[in-house]
Amino acid sequence: GNGGQYERKKWGSDKSGGDSNDCGHGVKTFNGSYHMLCNKGCGWNLTHTTGFHKQFLATPLAFPAALPDTHPFKVLVAKSNGSPPVPPPPPTPPTQLPASLTSNSSGTGASSLTLTENQMVIDKSKWKMVLDYHERTSENAEVAALCTSLKELLK
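Thresholds, definitions, all that
- Residues numbered from 1 in each chain as written.
- Predicted model: local features only at pLDDT ≥ 70, side-chain atom pairs only at ≥ 80, totals over all residues.
- Heavy atoms only, no water.
- Core = buried A, V, L, I, M, F, W, Y, C linked by side-chain atoms within 4.5 Å.
- Buried < 20%, exposed > 50% of the residue type's maximum accessible area, 1.4 Å probe, protein only.
- Helix = DSSP H or I, 4+ residues; strand = E, 2+ residues; numbered from the N terminus.
- Contact = heavy atoms within 4.5 Å.
- Axes fitted to C-alpha atoms, helices over the stretch in contact; angles between N-to-C directions.
- Parallel < 35°, antiparallel > 145°, perpendicular 65-115°, else oblique.
- Left-handed = near helix turned anticlockwise from the far one by under 90°.
- Nonpolar A, V, L, I, M, F, W, Y, C, P; charged D, E, K, R; others polar.
- Patch = residues over 30% accessible without salt bridge, like charges linked within 9 Å, V, L, I, M, F, W, Y side chains within 5 Å.
- Areas by Shrake-Rupley, 256 points an atom, 1.4 Å probe, with all protein chains shown as cover.
- Salt bridge = Lys/Arg side-chain N within 4 Å of Asp/Glu carboxyl O.
- Pairing = 2+ DSSP bridges.

Colleague: Kindly report on the nonpolar core, identifying the contributing residues and their values.
Modeller: Core analysis: the biggest nonpolar cluster contains 8 residues, these being Val27, Tyr34, Met36, Phe56, Phe63, Leu67, Phe73 and Val77. When contributions to this core are tallied by element, the ones reaching two or more residues are strand E3 (33-38) and helix H2 (72-79). Val27 has contacts with Asp22, Tyr34, His35, Met36, Trp44, Pro72, Phe73 and Leu76, leaving out every residue within four places of it along the chain.

Colleague: I'd like a rundown of the packing of helix H4 (residues 124-137) against helix H5 (residues 141-153), residues and numbers included.
Modeller: Two elements in contact, H4 and H5, have axes separated by 8 Å at closest approach and are oriented at 155°. As far as their axial angle goes, H5 and H4 are roughly antiparallel. The way H4 lies across H5 gives a crossing that is left-handed. On the side of H4, the interface is formed by Lys128, Leu131, Asp132, His134 and Glu135, while H5 contributes Ala144, Cys147, Thr148, Leu150 and Lys151. Taken together, the residues of the contact of H4 with H5 break down into 4 nonpolar, 2 polar and 4 charged.

Colleague: Which residues make up a nonpolar patch on the surface, and what values go with them?
Modeller: A contiguous nonpolar patch, built from Leu146, Leu150 and Leu153 and spanning about 300 Å² of accessible area, is present on the exposed surface. By secondary structure assignment, the location of Leu153 is in helix H5.

Colleague: An account of the pairing of strand E2 (residues 27-30) is requested, with residue identities and associated values reported.
Modeller: Burial along E2 is two-sided: the face carrying Val27 and Thr29 and the face carrying Lys28 and Phe30 are both buried. Of the strand pairs in this sheet, E2 and E3 are connected by 4 bridges, and their pairing is antiparallel. By the bridge assignment, Phe30 is partnered in E3 with Ser33. In sequence, E2 turns back onto E3 through a hairpin of 2 residues, with Asn31 there showing a positive phi of about 50°.

Shown next, in the form of structure tokens:
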């Protein structure tokens, strides 16, 4: 009936089964990973529920670690000893710049790198690892596409 065009179901309360299990309180397993439901446009995701949407937008890399220990997601993870798998922790910013970035050609150790207010040093390999993970495991095609685009910026 749709003229041969591909259509996918909208995210939501699909009760058809498949490889998913509703854990309640906005937490569900999909393909062996806990996911949380955000009704603010994010849908099923690996980071936050509706009540933490605003905080997630302010500090996305802090989640899901920033969720309180009493959050249903964290309670389920604790009860299951971390299984199903949870996303890896976000990359931590460097505490000290690598010598290759802080020493100049004269070898005096004086910094030849000047960062403006809108610049920062990041570990591309750690970011790529996190983006690869979310690109592979996200149930949300828009999140996966965003990860792909962000990885292009790291090249």
